[in-house]
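As a plain string of letters, each chain reads:
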Amino acid sequence: MKYRLIIGILSAYGFITPPLLDTSVIADEEQTKEWAIGPFLRPSGANPVISPQPTEFYCPMQKQQIRWEGSDTFNPAATMKNGKIIVLYRAEDSSAQGIGKRTSRIGYAESKDGVTMTRLDAPVLFPADDEFADIENPGGCEDPRVAMTEDGLYVMLYTAWNRKKARLAVATSRDLKKWTKHGLAFGKAYNGRFANLFCKSASVLTKLVGSKLVIDKVDGKYFMYWGEYAVYAATSDNLIDWYPVLNERNELKKLVQPRKGYFDCQMTECGPPAIRTKNGIVLLYNGKNAGNDRDTDYPAGAYCAGQLLFDNDDPCKVLDRLDKPFFVPEAPFEKSGQYKDGTVFIEGLVYHKKKLYLYYGCADSKVAMAVCDAVEKLEVK
């Protein structure tokens, strides 16, 4: 990367200090575009900010005390509450070996500075003996994304995993600790047509209002991007019941698909809540670089993060796309763990003290963060 070469030269001549080098500028110089959000810097010595702990709680499904985050903590959502950053992370117990074979629950952490975390001893969202057990048990509640309304209602879209089918589910809260489950996001849409659809990763549209990122609307409806192997869209009147956007053939409308020869050749999985900016709607997403069609500049199987730009008035219209990732696995803990090919899986994004804090999962094992100071483009007139 040309940028890294310049940084190295400046360092050698004493123009910048080693701590700056440790923060890792992420974008390639030749792919930076005026609309893209960034750069995001890893604070020196801060990461990872969340790692597994031997905390126990009584599991209502297993009827025993378990170490609910004994194996791995990763793939976090993030939001703001009372001036603190709240991180809601996926935690896996030690009930089995292998990705997707354990039970996942959602843990709670809060921080004043975005780095030092105070955590609850018990999960705040988990499979229970309730009406949603059939969609959540035994796999659990995975990979949350959280956004808030202007009046302080928090909406979580997470993956309900019963080890048969992964499906988007919805929960809401006022305090981020007590959650009301509402079931499948697409359960009622089109007379239940998509109730059994395999679906993951929902990014609700937000915008900056004052000092908060809050949920936004398009033509009077709430809007979100979702999907793993393509980017789709959905709308809602109430943030609970969502209707996938269909094309002229009455099928799911694909807005974005993987590209041969690029870092996102296998997956374009939606990341944190999308943000309306003065240039358009920016969606940060997770690209999987795998197979014969991958970008050989990056490791095989690695998850790297990209950005998409959609039209502010027509959120299904793609205006631009980064050809290179703005965020890649670099630190040792991002390239070793449960997923050894390397992962910086972005899911949480908050606006705090005029900065953007990005939270991500590292190799399906830990949680880390990065910070962006350049936020002036978020101010939509």
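Per UniProt, the chain carries the Sequence similarities (unreviewed entry) text "Belongs to the glycosyl hydrolase 130 family."

Draft legend 1. Layout of the overall build of the chain. Helix and strand content of the chain: three helices and 25 strands. Expected size for 381 residues packed as a compact globule is a radius of gyration near 21 Å; at 20 Å, the chain falls within 12% of this value. Taken over the C-alpha atoms alone, the chain extends approximately 65 × 50 × 45 Å along its principal axes. The proportion of buried residues among the 381 residues of the chain is 60%. Taking as baseline every contact in the chain between residues at least 6 positions apart, the subset at least 24 positions apart corresponds to 57%. For the chain, the distance from the average site of its 50 positive side-chain charges to the average site of its 48 negative ones is 2 Å.

Draft legend 2. Looking closely at the pattern of salt bridges. Across all of its chains, the model carries 29 salt bridges by this definition. Put simply, Lys181 and Asp130 hold a salt bridge, and the shortest N to O gap is 3.3 Å. Of this pair, Lys181 sits in strand 10 (residues 180-184) while Asp130 sits in the loop between strand 6 (118-119) and helix 3 (133-136), and the two are 51 residues apart along the sequence. Taking the relative accessible area as the measure of exposure, Asp130 reaches 31% and is therefore partly exposed. Linking Lys324 and Asp297 is a salt bridge whose minimum nitrogen-to-oxygen distance equals 2.7 Å. Note that Lys324 is positioned in the loop between strand 22 (318-321) and strand 23 (344-352) and Asp297 in the loop between strand 20 (280-289) and strand 21 (302-310), a separation of 27 residues in sequence. By relative accessible area, which is 18% here, Lys324 ends up buried. Asp297 gets classed as exposed once you look at its relative accessible area, which sits at 56%. A single network of salt bridges, built from pairs that share partners, joins Asp72, Arg90, Glu92, Arg102, Glu142 and Asp143.

Draft legend 3. Summary view of the nonpolar core. Residues Leu88, Trp179 and Tyr359 are the most contacted members of the largest nonpolar core, which totals 41 residues. Examining the composition of this core, we find that six residues originate from one element, strand 4 (residues 84-92), more than from any other. Counting 29 residues, the second largest nonpolar core, distinct from the first, contains Trp35, Ile37, Leu358 and Ala368.

Draft legend 4. Structural detail: the sheet that holds strand 23. If you trace the three strands from one edge of the open sheet to the other, you get 23-24-25, paired in antiparallel fashion. In this open sheet, the two edge strands, each paired with only one partner strand, are strand 23 and strand 25 (366-372). This sheet shows a mean twist of 25° between the axes of neighbouring strands, independent of strand direction. As judged from the seven bridges shared by strand 24 (residues 355-362) and strand 25, these two strands associate in the antiparallel manner. Opposite Tyr357, over in strand 25, you have Val371 as the bridge partner.

Draft legend 5. Spatial organisation of unusual backbone geometry. Gly38 connects to Pro39 through a cis peptide bond whose omega is 0°. Note the cis peptide between Asn137 and Pro138, where omega equals 5°. In this structure, Leu239 takes a positive phi of about 70° despite not being glycine. Among the secondary structure elements, Leu239 is positioned in the loop between strand 16 (232-236) and strand 17 (242-244). Residues other than glycine seldom take positive phi values, yet Ala363 does so here, at roughly 55°. With respect to the helices and strands, the residue Ala363 is situated in the loop between strand 24 and strand 25.

Procedures and definitions
Residues numbered from 1 in each chain as written. Predicted model: local features only at pLDDT ≥ 70, side-chain atom pairs only at ≥ 80, totals over all residues. Heavy atoms only, no water. UniProt positions renumbered as here; feature names shortened; annotations may be inferred. Helix = DSSP H or I, 4+ residues; strand = E, 2+ residues; numbered from the N terminus. Rg over C-alpha atoms; globule rule 2.2 N^0.38 Å. Buried < 20%, exposed > 50% of the residue type's maximum accessible area, 1.4 Å probe, protein only. Contact = heavy atoms within 4.5 Å. Lys, Arg positive; Asp, Glu negative; His and termini not counted. Charge placed at Lys NZ, Arg CZ, Asp CG, Glu CD. Salt bridge = Lys/Arg side-chain N within 4 Å of Asp/Glu carboxyl O. Core = buried A, V, L, I, M, F, W, Y, C linked by side-chain atoms within 4.5 Å. Pairing = 2+ DSSP bridges. Axes fitted to C-alpha atoms, helices over the stretch in contact; angles between N-to-C directions.

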